[in-house]
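Spelled out from the first residue to the last, the chains are:
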Amino acid sequence: MNMYAVPSPGIPGCPPGLEYLTQVDQLLIKQKVEVIEALVGFESNNKYEVRNVMGQNVFYAVEENDCLSRQCCGPLRPFNIHILDNFGQEVISITRPLKCMSCFFPCCLQELEVQAPPGNTVGYVMQQWHPLSPKFIVANEHNEPVLKIHGPFCGWSCLPDVDFEILTMDEVSKIGKISKQWTGLLREAFTDADNFGIQFPMDLDVRMKAVMIGACFLIDFMFFETTN
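Before going into details, it helps to say that this report is about the structure given with it. For every chain, the first residue of the written sequence is number 1, and numbering continues from 1 along that sequence. Only residues with pLDDT of at least 70 are given local features in this predicted model, and only at 80 or more are side-chain atom pairs given and counted; all residues enter the totals for whole chains, interfaces and linings. The basis for every side-chain value is the complete set of non-hydrogen atoms in the structure, without hydrogens or water.

### Topic: the sheet that holds strand S2 (residues 47-51)
Whether two strands pair comes down to DSSP finding at least two bridges between them. Runs of E in the DSSP output that reach at least two residues are strands. Runs of H or I that reach at least four are helices, and both are numbered from the N terminus. Read around the closed barrel, the 12 strands follow the order S1-S2-S3-S4-S5-S6-S7-S8-S9-S10-S11-S12; overall the barrel is antiparallel. Strand-to-strand twist across the sheet, computed as the mean angle between neighbouring axes with direction ignored, equals 20°. Alignment of strand S1 (residues 26-31) against strand S12 (residues 195-199), held across 5 bridges, turns out to be antiparallel. Its bridge partner lying in S12, Gln26 is registered against Gln199. Helix axes use the C-alpha atoms of the stretch in contact, all axes being lines fitted to C-alpha atoms, and the angles between their N-to-C directions lie in the range 0 to 180 degrees.

Quick look at the structure:
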């Protein structure tokens, strides 16, 4: 696998380390299969590769969590995900607090915060209550709503691919999507390792592109991180 070296920093208004995101409108996020987890069901920290459309690694993401949270809370667990560039520098930090996850009890909805670089908040993803379909608000660093994400009935279906549409705030225009992609029968049946595709406008604010990566991880944990 070729490793794509990100360009030198220095783009005005772009957080350091995110320069490459200004050049792309699609990303592929591949969760790495953990052999021990697949064989014995022992939940381990998730690891992901973020690739471009040519299959080159752009970023590498790893979950930071303790064993007790992983085994006792499962997909409900809080987490920190560190996203590193190909030089090993952390460029994005994603934090999800422990929250309730039930369609029928909207008292404590899901949310996460995205920082780029770590310590500098660039946006939030906040779940909106709906009894049947997943809905999220994507907000900027000032907690001002910027975009919406709408998913299918109950967040999943029996179809090979599942799309979560990225919409403008008035819900008139669809500007992209986060897609959970079929990875094959054996992998789907015996692991919780998933592939996701993210599509967004080329000219979308690079901070919001980083937040979309965080939204993808939240969707993975909420709807596809199951113990098989």
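### Topic: the pattern of salt bridges
Counted as salt bridges are all cases of a side-chain nitrogen of Lys or Arg within 4 Å of a carboxyl oxygen of Asp or Glu. Applying the stated criterion to the full structure yields 5 salt bridges. Ionic pairing is found between Glu49 and Arg51, a salt bridge with its closest N-O pair at 2.4 Å. The same class applies to Glu49 as to Arg51, namely buried. Among the salt bridges present, the one from Glu165 reaches Lys174, with a minimum N-O distance of 3.8 Å. Residue exposure (1.4 Å probe, protein chains only): buried if accessible area is under 20% of the type maximum, exposed if over 50%, otherwise partly exposed.

### Some thoughts on the nonpolar core
In terms of nonpolar packing, the biggest core is built from 50 residues, with Ile83, Ile92, Ile149 and Ile178 touching the most fellow members. Once residues lying within four places of it in the same chain are set aside, the contact partners of Ile149 are Pro134, Lys135, Phe136, Val138, Phe164, Glu165, Ile166, Ile178, Met212, Ala215 and Ile219. As used here, the term nonpolar core means buried Ala, Val, Leu, Ile, Met, Phe, Trp, Tyr and Cys residues forming a set that is joined through side-chain atoms within 4.5 Å. Note on contacts: a residue pair qualifies if any of its non-hydrogen atoms lie within 4.5 Å across the two residues.

### Considerations on the pairing of strand S3 (residues 57-64)
Both faces of the sheet carry side chains from a regular strand, because those side chains alternate between them. One ladder, built from 5 bridges, connects S2 with S3; its direction is antiparallel. Bridging across to S3, Glu49 finds its partner in Tyr60. A loop of 5 residues connects S2 with S3, the two strands running antiparallel in sequence, and Gly55 in this loop sits at a positive phi of about 85°. Across 5 bridges, S3 lies against strand S4 (residues 79-84) in antiparallel orientation.

### Overview of the environment of Thr121
Tracing the chain through its elements places Thr121 in strand S7 (residues 121-128). C-alpha separation for the pair Thr121 and Ile94, spaced 27 residues apart in sequence, amounts to 9.6 Å. Dropping the residues within four chain positions of it, Thr121 is found in contact with Glu113, Val114, Gln115 and Glu141. In protein, a polar contact requires one atom able to donate a hydrogen and another able to accept it; more generally it is a pair of N or O atoms within 3.5 Å, and residues adjacent in sequence count only if both atoms are side-chain atoms. Within the local environment of Thr121, its side chain forms a polar contact with the side chain of Glu113, the two groups lying 2.5 Å apart.

### Structural notes on the side chain of Arg51
Along the chain, Arg51 falls in strand S2. One polar contact links Arg51 to Asn57, side chain to side chain, over a distance of 3.3 Å.

### Observations concerning the packing of aromatic side chains
Only Phe, Tyr and Trp rings are paired, with Trp represented by its six-membered ring, and only when their centres lie within 6.5 Å; those with planes under 30 degrees apart are stacked, over 60 edge-to-face, the remainder tilted. The full count for this structure, using the stated rule, is 5 aromatic pairs. Plain terms: the ring middles of Phe164 and Phe224 are 6.4 Å apart, the flat faces sit at 85° to each other, and that makes the pair edge-to-face. Here Phe164 is found in strand S10 (residues 162-168), whereas its partner Phe224 is found in helix H4 (residues 206-224), with 60 residues between them in sequence. We classify Phe164 as buried; its relative accessible area is 0%. According to the relative accessible area criterion, Phe224 is buried, its value standing at 10%.

Taken by themselves, the reported measurements are silent on function.
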